[in-house]
Amino acid sequence: DALQRGEPIALANSLGVSSVLLDRLMAGFFTSEPVLEAVNIVMSVLECLTTSSTPAARILGTAEQAMLTADAAHLSRLTCLKALQRSRPMSQYDEGDPDLNIAILDIIRSNVQALMIVPSGGSNQGTKRQSLMGGGTNANLSFQAPLPGSRLYPFFQSASLARCTPSNLECMYRDLTALSEPDRAFVVALMDELHSLLLESRANMRDSAVTIVISLLQSKRGIMSELLVAEVTRGDRSETIDIMNRGGFGALLVAHEAASYAENVNTVKKKGSSDDPVSE
């Protein structure tokens, strides 16, 4: 009902519920079905906030939508990452949950662009957020909190459990307001999870992991370069290890782009043939 109506406080409360589910998920409370349900709930809020045809897109103001969308993407990232971890084997006697694993991978693969909506770090972005939301003092943080008493503050406080817990309690997840580079943190953590899946014997898991890596190479090339290119010092010599451009990851991206180009060409040819009266 909240997603259909698109009311700001209802959407903020939906995010707050999602943050409670995330907190309990990270505490280890859920089995596979509730884990997947927690992911689906927070992703449904993110989809509502990022789809132009929803009531939220028509009703929310620019500042409200920017703030809630950033929170939704952050909570979705953390929920997907934790769900992915929970699906993997925890010991040599634990088989994990392959069905949950592939379900979470498919959700991430289908929503990579939406998951990247959280603002990037840096003083320019921090200043912009502060100006937009009417508060915040640390320009190094990518997500600035609105001032107490401001119009946006009730939505801000409702959107995350971490913002309304007593001082003697601590949430299991880090709030977006505490991060200076949320994009980088997410990509690093996701690549750590994908590393073993790229070597997975099951083709469906491996293919989904490859597709996600390709999306990251396309949308976050700078961060991926930082991860895949390194200067290694050996004695008095410095050597560049570059698996981005000289290794399999760069070749993976080129192969994908070539396959996409070939597919587009074939589609155009087929369409042209079907429109040709001679061929009919």
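Look up: the structure comes first, before these words.
Quantities reported herein were computed from a predicted structural model and do not represent experimental measurements.

Trainee: Even after reading the chapter, I still don't get the overall build of the chain, so can you show me in this structure?
Mentor: Within the chain, the secondary structure is distributed over 13 helices and 2 strands. Within the chain, buried positions represent 40% of all 280 residues. Of the contacts made within the chain by residues no fewer than 6 positions apart, 64% connect residues no fewer than 24 positions apart. Just so you have it, the chain exposes about 14900 Å², and 52% of that area is on carbon and sulfur atoms.

Trainee: I would appreciate a short explanation of helix 3 (residues 32-50) in the present structure.
Mentor: Taking 1.5 Å of rise per residue, the 19 residues of helix 3 would be expected to cover 27 Å, and the 27 Å separating its terminal C-alpha atoms lies within 8% of that figure. By the burial criterion, the buried members of helix 3 are Val35, Ala38, Val39, Val42, Met43, Val45, Leu46, Cys48 and Leu49. Lining the buried residues of helix 3 we find helix 1 (2-5), helix 2 (8-26), helix 4 (55-59), helix 5 (62-87), helix 6 (98-110) and helix 7 (112-115).

Trainee: Can you help me understand the packing of aromatic side chains in this one?
Mentor: Under the counting rule described, the total for this entry stands at 1 aromatic pair. Pairing Tyr153 with Phe156 gives two aromatic rings, centres 5.8 Å apart and planes at 40°, and the pair type is tilted. Highlighted residues: Tyr153 and Phe156, both in helix 9 (residues 153-158), separated by 3 residues, approximately one helical turn. Looking at Tyr153, the relative accessible area reads 22%, which means it is partly exposed. Given a relative accessible area of 6%, Phe156 falls into the buried group. The ring of Phe29 has Arg24 lying over it, and the distance from NZ or CZ to the ring centre is 4.7 Å.

Trainee: Explain the layout of surface pockets to me, please; I cannot follow it from the model alone.
Mentor: One simple way to see leftover space: roll a probe sized like a water molecule over the atoms. Approximately 300 Å³ is the volume found for the largest pocket. What lines the largest pocket is a set of 15 residues, and nearest its centre among them are His74, Leu78, Leu81, Arg174 and Ala185. Take the lining of the largest pocket: its biggest share by element is 6 residues, from helix 5. Considered class by class, the residues forming the lining of the largest pocket number 10 nonpolar, 2 polar and 3 charged.

Trainee: Help me understand the packing of helix 5 against helix 10 (residues 182-197), please; the structure alone is not making it clear to me.
Mentor: The axes of two packed helices give the description: the angle between them and the distance between them. Taken N-terminus to C-terminus, the directions of helix 5 and helix 10 make an angle of 15°; their axes are 11 Å apart at the nearest point. The angle between the axes of helix 5 and helix 10 places the two elements in the roughly parallel class. In this structure, helix 5 meets helix 10 at a crossing whose hand is left-handed. Where helix 5 approaches helix 10, its residues Arg77, Leu81, Leu84 and Gln85 are matched on the opposing element by Pro182, Asp183, Phe186, Ala189, Leu190 and Glu193. Class assignment of the residues belonging to the contact of helix 5 with helix 10 gives a composition of 6 nonpolar, 1 polar and 3 charged.

Trainee: Looking at this model, I keep getting lost on the pattern of salt bridges. Mind explaining?
Mentor: It is possible for side chains bearing opposite charge to pair when their charged atoms get close. Taken as a whole and assessed by the stated rule, the structure comprises 10 salt bridges. The shortest N-O distance in the salt bridge between Glu193 and Arg88 comes to 2.8 Å. Placement of Glu193 in helix 10 and of Arg88 in the loop between helix 5 and helix 6 is noted, with a sequence separation of 105 residues between them. Close ionic contact of Arg202 with Glu200 constitutes a salt bridge, the shortest N to O distance being 2.9 Å. Since its relative accessible area comes to 36%, Arg202 is described here as partly exposed. Residue Glu200 is classed as buried on the basis of its relative accessible area, which comes to 16%.

Trainee: Help me out: how do you make sense of the packing of helix 3 against helix 5 in this one?
Mentor: For the pair helix 3 and helix 5, the least separation of the axes is 9 Å and the interaxial angle reads 155°. Taken as axis vectors, helix 3 and helix 5 run roughly antiparallel relative to one another. The crossing of helix 3 and helix 5 is left-handed. Contact with helix 3, carried on its side by Val35, Ala38, Val39, Val42, Met43, Leu46, Leu49 and Thr50, involves Gln65, Leu68, Thr69, Ala72, Ala73, Leu75, Ser76, Thr79, Cys80, Ala83 and Arg86 of helix 5 and no other residues of that element. Split into classes, the residues belonging to the contact of helix 3 with helix 5 amount to 13 nonpolar, 5 polar and 1 charged.

Cut-offs used in this document
Residues numbered from 1 in each chain as written. Predicted model: local features only at pLDDT ≥ 70, side-chain atom pairs only at ≥ 80, totals over all residues. Heavy atoms only, no water. Helix = DSSP H or I, 4+ residues; strand = E, 2+ residues; numbered from the N terminus. Buried < 20%, exposed > 50% of the residue type's maximum accessible area, 1.4 Å probe, protein only. Contact = heavy atoms within 4.5 Å. Areas by Shrake-Rupley, 256 points an atom, 1.4 Å probe, with all protein chains shown as cover. Expected span 1.5 Å × (residues − 1). Phe/Tyr/Trp six-rings, centres within 6.5 Å; stacked < 30°, edge-to-face > 60°. Lys NZ or Arg CZ within 6 Å of the ring centre and 35° of its normal. 1 Å grid on protein atoms, 1.4 Å probe; cavity = no way out; pocket = protein on both sides within 12 Å on 5 of 7 lines; lining within 4 Å. Points joined across faces, edges and corners; volume = space filled by probe spheres on them. Nonpolar A, V, L, I, M, F, W, Y, C, P; charged D, E, K, R; others polar. Axes fitted to C-alpha atoms, helices over the stretch in contact; angles between N-to-C directions. Parallel < 35°, antiparallel > 145°, perpendicular 65-115°, else oblique. Left-handed = near helix turned anticlockwise from the far one by under 90°. Salt bridge = Lys/Arg side-chain N within 4 Å of Asp/Glu carboxyl O.

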